[in-house]
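The lines below spell out each chain.
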Amino acid sequence: MKTLFVSAIRRKIFLIIAISLALLGVFFVYTEYSRSEQEIESHYKKQLQEKKNLVREHVNQAIKYITFQREHAIARLRSHLKLKIQEAWNMANNLYKRNKFRTTEEVEAVVHDALHAIRWFNGRGYYFVIGIDDGLMKVHANNPSLEGSDATKLVDPEGVWL
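Predicted, not measured: the structure shown is a model, and the values here were computed from it. (Residues numbered from 1 in each chain as written. Predicted model: local features only at pLDDT ≥ 70, side-chain atom pairs only at ≥ 80, totals over all residues. Heavy atoms only, no water.)

S.K.: What am I meant to see in the overall build of the chain here?
M.R.: Helices and strands together make up the secondary structure of the chain, namely two helices and four strands. The order of helices and strands in the chain, counted from the N terminus, is α-α-β-β-β-β. Whereas a compact globule of 162 residues would reach a radius of gyration of roughly 15 Å, the chain reaches 43 Å, over 25% beyond that. In terms of overall dimensions, the chain has a C-alpha envelope of 150 × 25 × 25 Å along the principal axes. Burial statistics for the chain: of 162 residues in total, 12% are counted as buried. On the chain, roughly 13700 Å² of surface is accessible, and the fraction owed to carbon and sulfur atoms is 62%. (Helix = DSSP H or I, 4+ residues; strand = E, 2+ residues; numbered from the N terminus. Rg over C-alpha atoms; globule rule 2.2 N^0.38 Å. Buried < 20%, exposed > 50% of the residue type's maximum accessible area, 1.4 Å probe, protein only. Areas by Shrake-Rupley, 256 points an atom, 1.4 Å probe, with all protein chains shown as cover.)

S.K.: So what exactly am I meant to see when it comes to the nonpolar core here?
M.R.: Where a protein is soluble and globular, its nonpolar side chains tend to be buried together. Counting nine residues, the largest nonpolar core is built from Ala88, Ala92, Leu95, Val107, Val111, Leu115, Trp120, Tyr127 and Val139. Among the secondary structure elements, those contributing two or more residues to this core are helix H1 (2-98) and helix H2 (104-116). What Leu95 contacts, discounting residues up to four positions off in sequence, is Val110, Val111 and Ala114. (Core = buried A, V, L, I, M, F, W, Y, C linked by side-chain atoms within 4.5 Å. Contact = heavy atoms within 4.5 Å.)

S.K.: Explain the environment of Ser34 to me, please; I cannot follow it from the model alone.
M.R.: Looking at where Ser34 falls in the secondary structure, it is placed in helix H1. Spatially, the C-alpha atom of Ser34 lies 92 Å from that of Val107, the residues being 73 residues apart in sequence.

S.K.: What's the story with the pattern of salt bridges in this structure? I'm lost.
M.R.: Any two side chains of opposite charge can pair, so long as their charged atoms come close to each other. For the structure shown, the criterion picks out six salt bridges. We note a salt bridge from Glu32 to Arg35, for which the minimum N-O separation is 2.7 Å. Highlighted residues: Glu32 and Arg35, both in helix H1, separated by three residues, approximately one helical turn. For Glu32, a relative accessible area of 41% corresponds to the partly exposed category. Residues joined in a network through salt bridges with shared partners are Glu32, Arg35 and Glu39. (Salt bridge = Lys/Arg side-chain N within 4 Å of Asp/Glu carboxyl O.)

S.K.: Please clarify how the side chain of Lys84 should be interpreted in this entry.
M.R.: Note that Lys84 resides in helix H1. Residue classification places Lys84 among the buried residues on the basis of a relative accessible area of 15%. Lys84 has contacts with Trp120 and Tyr127, leaving out every residue within four places of it along the chain.

S.K.: Can you help me understand the confidence of the model for the chain in this one?
M.R.: Close inspection of predicted coordinates is inappropriate for parts of the model with low pLDDT. For the chain, the mean per-residue pLDDT works out to 91, and 98% of the residues sit at or above 70. Model confidence for the chain, summarised as mean pLDDT per element, is weakest for strand E1 (residues 119-120) at 88 and strongest for H1 at 92. (pLDDT = per-residue confidence, 0-100.)

S.K.: Explain unusual backbone geometry here, please?
M.R.: Generally, phi is negative for residues other than glycine and the peptide bonds are trans, each holding for most cases. Backbone geometry places Phe121, a non-glycine residue, at a positive phi of 55 degrees. Note on placement: Phe121 falls in the loop between E1 and strand E2 (125-126). For Phe121, a relative accessible area of 32% gives the class partly exposed. You will see that Asn122, though not glycine, has its phi angle at about 55 degrees, which is positive. Of note, Asn122 is situated in the loop between E1 and E2.

S.K.: Looking at this structure, I do not really get the packing of aromatic side chains. What am I missing?
M.R.: Two numbers describe a pair of aromatic rings. These are the distance of the centres and the angle of the planes. Tallied over the entire structure, the rule returns two aromatic pairs. With a centroid separation of 4.6 Å and an interplanar angle of 55 degrees, the aromatic rings of Trp120 and Tyr127 are classed as tilted. (Phe/Tyr/Trp six-rings, centres within 6.5 Å; stacked < 30°, edge-to-face > 60°.)

S.K.: Got a minute to help me understand the environment of Ala114 in this structure?
M.R.: In this structure, Ala114 sits in helix H2. Residue class for Ala114 comes out partly exposed when judged on its relative accessible area of 21%.

Here it is in structure tokens:
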């Protein structure tokens, strides 16, 4: 009987040890699983932040490029506009010299007709002339209804007074 009792106690101890080891194993597995889940989440957040930073850098580079291109386009347009203004001045001056014998109104009409007909930049560029002495719109090739009106009250699309 003593052997049976010892044998039963051994089985119970073995069972307790086995259950304890199983619980300890489950605890370690759960702990490792939780730790790996946290590592995955941390890695995901890190990768997401790196991708955001990369996209932000690309957007900033694109903005810099667009700004650079815009500034150079504006500089080219201003340079071209200065040439067009010089051409108009030369043409008007030449027409004035050739028509000195005519009245001021006739010379203005000749210059008006010459400048009114000229377009550039695929029809988007045109001349307008404002009288220095009276501020009246003398030529406006894009909107002839403005001719003769007081140009001192006009502003361009950017809010600059003409």
